[in-house]
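Coordinates in review
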Amino acid sequence: MAKVFYLLKQNKVKNSKVNGKWFARQKTIETLNTRKLANHISEHGSVYTPDVVFGVLEKFRSCLLEMLLNSKRVKIDGLGIFFTTLENTEGGAESKDKFLPQKNLKGLHIRFLPDSTTETDISSREFIKKAEFVNAETFAGSLEDESGSGSQSGGGSTGGSGGISTD
């Protein structure tokens, strides 16, 4: 079974109803870049070399972005749907005629909706059943990045392995 690492953090927000309570926060132990993911895929009995897999992943990335920027959703069977949403600035436009994208739009976000069909359900309620949860404090020394680079955020990085980070 897969291992999902977590650390316990105490809520210290003074006016919170859950002040003083403890909650789990996921710990990422590595961020795989495209090259490392391609190597991993090719090691799973694939007839394709890591370079071929890398090329397909790079083409997938560029085509996914192209389709999303053309107002299309992209469904990967068994995984889910990628789509975009708009973030408007606070307050909105005074009228329909005064709406200007460059003024009234704050962001264009890429979203992901996991597949929830019965055979490949990876919705959060089903995905949690597939994982074993391990307190990262028990493995703190062995999970540190060997390069000594310390913590790394997992917010969409395509960098190397990195260290432990809280997501």
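Source: prediction; values computed, not measured.

**Description of the packing of aromatic side chains**
Summed over all chains, the structure comprises one aromatic pair. Here Phe-82 and Phe-112 contribute two aromatic rings whose centre-to-centre distance is 5.0 Å and whose plane-to-plane angle is 50 degrees, an arrangement assigned as tilted. In this pair, Phe-82 is assigned in strand 4 (residues 80-88) and Phe-112 in strand 5 (residues 105-114), connecting sequence segments 30 residues apart. Directly above the ring of Phe-54 sits Arg-35, whose terminal nitrogen or CZ lies 3.7 Å from the centroid. For Arg-73, the ring lying beneath its charged end belongs to Phe-83, and the centroid distance is 4.5 Å.

**A closer look at helix 2 (residues 50-68)**
With 19 residues, helix 2 ought to run about 27 Å at 1.5 Å a step, and its terminal C-alpha atoms sit 27 Å apart, in line with that. All buried positions along helix 2 are accounted for by Val-53, Leu-64 and Leu-68. Projected down its long axis, helix 2 carries its buried residues within an arc of 30 degrees, all on one side. Facing away from the buried side of helix 2, by more than 90 degrees, are the exposed residues Asp-51 and Lys-59. Elements that come into contact with the buried residues of helix 2 comprise helix 1 (34-42), strand 3 (74-76), strand 4 and strand 5.

**With respect to the sheet that holds strand 3**
One open sheet holds the three strands; their spatial order is 3-4-5, and the pairing between them is antiparallel. Strands at the two margins of the open sheet, each flanked by one partner only, are strand 3 and strand 5. On average, adjacent strands in this sheet sit at an angle of 25 degrees to one another, irrespective of strand direction. Relative to strand 5, strand 4 runs antiparallel, the two being bridged by nine bridges. Bridge pairing in strand 5 places Glu-87 opposite Gly-107. Contacting strand 3, strand 4 and strand 5, helix 2 runs over the sheet at an angle of about 50 degrees to strand 4.

Definitions and cut-offs
Residues numbered from 1 in each chain as written. Predicted model: local features only at pLDDT ≥ 70, side-chain atom pairs only at ≥ 80, totals over all residues. Heavy atoms only, no water. Phe/Tyr/Trp six-rings, centres within 6.5 Å; stacked < 30°, edge-to-face > 60°. Helix = DSSP H or I, 4+ residues; strand = E, 2+ residues; numbered from the N terminus. Lys NZ or Arg CZ within 6 Å of the ring centre and 35° of its normal. Expected span 1.5 Å × (residues − 1). Buried < 20%, exposed > 50% of the residue type's maximum accessible area, 1.4 Å probe, protein only. Arc of directions from axis to C-beta. Contact = heavy atoms within 4.5 Å. Pairing = 2+ DSSP bridges. Axes fitted to C-alpha atoms, helices over the stretch in contact; angles between N-to-C directions.

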